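Below, each chain spelled out in residue letters.
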Amino acid sequence: MPVTLLNPDGLMKPDVYRQVAIATGTRQVHIAGQVAYDAQGQLVARGDLAGQVAQAYRNVSIALAAAGATFNDVVRLTIYVVDWKHERMPDFLAGIEQVSKELRIVPAPASLIGVSVLFEPDVLVEIEATAVVD
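The shown structure was predicted, so the numbers you read here are calculated from the model rather than taken from an experiment.

Rules behind the numbers
Residues numbered from 1 in each chain as written. Predicted model: local features only at pLDDT ≥ 70, side-chain atom pairs only at ≥ 80, totals over all residues. Heavy atoms only, no water. Core = buried A, V, L, I, M, F, W, Y, C linked by side-chain atoms within 4.5 Å. Buried < 20%, exposed > 50% of the residue type's maximum accessible area, 1.4 Å probe, protein only. Helix = DSSP H or I, 4+ residues; strand = E, 2+ residues; numbered from the N terminus. Contact = heavy atoms within 4.5 Å. Salt bridge = Lys/Arg side-chain N within 4 Å of Asp/Glu carboxyl O.

Enquirer: Sorry if this is basic, but what is going on with the nonpolar core here?
Expert: As a rule of thumb, soluble globular proteins bury nonpolar side chains together. Counting 27 residues, the largest nonpolar core has Tyr 57, Leu 64, Phe 71, Val 125 and Ile 127 as its most contacted members. Among the secondary structure elements, those contributing two or more residues to this core are strand 3 (27-34), helix 1 (49-66), strand 4 (74-82), helix 2 (89-103) and strand 6 (125-133). By residue number, the principal contributor to this core is helix 1, which donates seven residues. Setting aside its immediate chain neighbours within four residues, Leu 64 contacts Ile 31, Ala 69, Thr 70, Phe 71, Val 74 and Ala 131.

Structure follows, in structure tokens:
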């Protein structure tokens, strides 16, 4: 495997991401920020953070597959959420849970960054990914 994910002793051990990714593959894959658009460019789950998180993860999965990668190859996720507050965590996690088994999401290192707005007012979340494959 070109990617090893771990939570080392001495650091918090979260369930939904890992603290460290060790990549030994030779080809990098960088996925542009994915939002909750369907293939026709229509916003999915307007006003629903969980639904938009799920769709954004689906779009990341499609982009990874186009590059010959899966979530097993992801070494980094950056997630931007509009108007982030800790109280939104259950909805955010519910979105991941909706697609976790379907997409076989592996909890890679991740940063969740609260922003005031994304490029379109109704878009609530954007997910960027970096993967390494042989």
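Resuming the write-up.
Enquirer: What exactly am I supposed to notice about the pattern of salt bridges here?
Expert: Note that side chains of opposite charge can pair when their charged atoms are close. Under the definition given, this model contains three salt bridges. Between Asp 9 and Lys 13 there is a salt bridge; the shortest N-O distance is 3.6 Å. By relative accessible area, Asp 9 is classed as exposed at 72%. When the shortest N-O distance is used, the salt bridge between Arg 58 and Glu 102 registers 3.2 Å. Taken as a pair, Arg 58 in helix 1 and Glu 102 in helix 2 lie far apart in primary sequence, 44 residues in all. Residue classification places Glu 102 among the partly exposed positions, given a relative accessible area of 48%.

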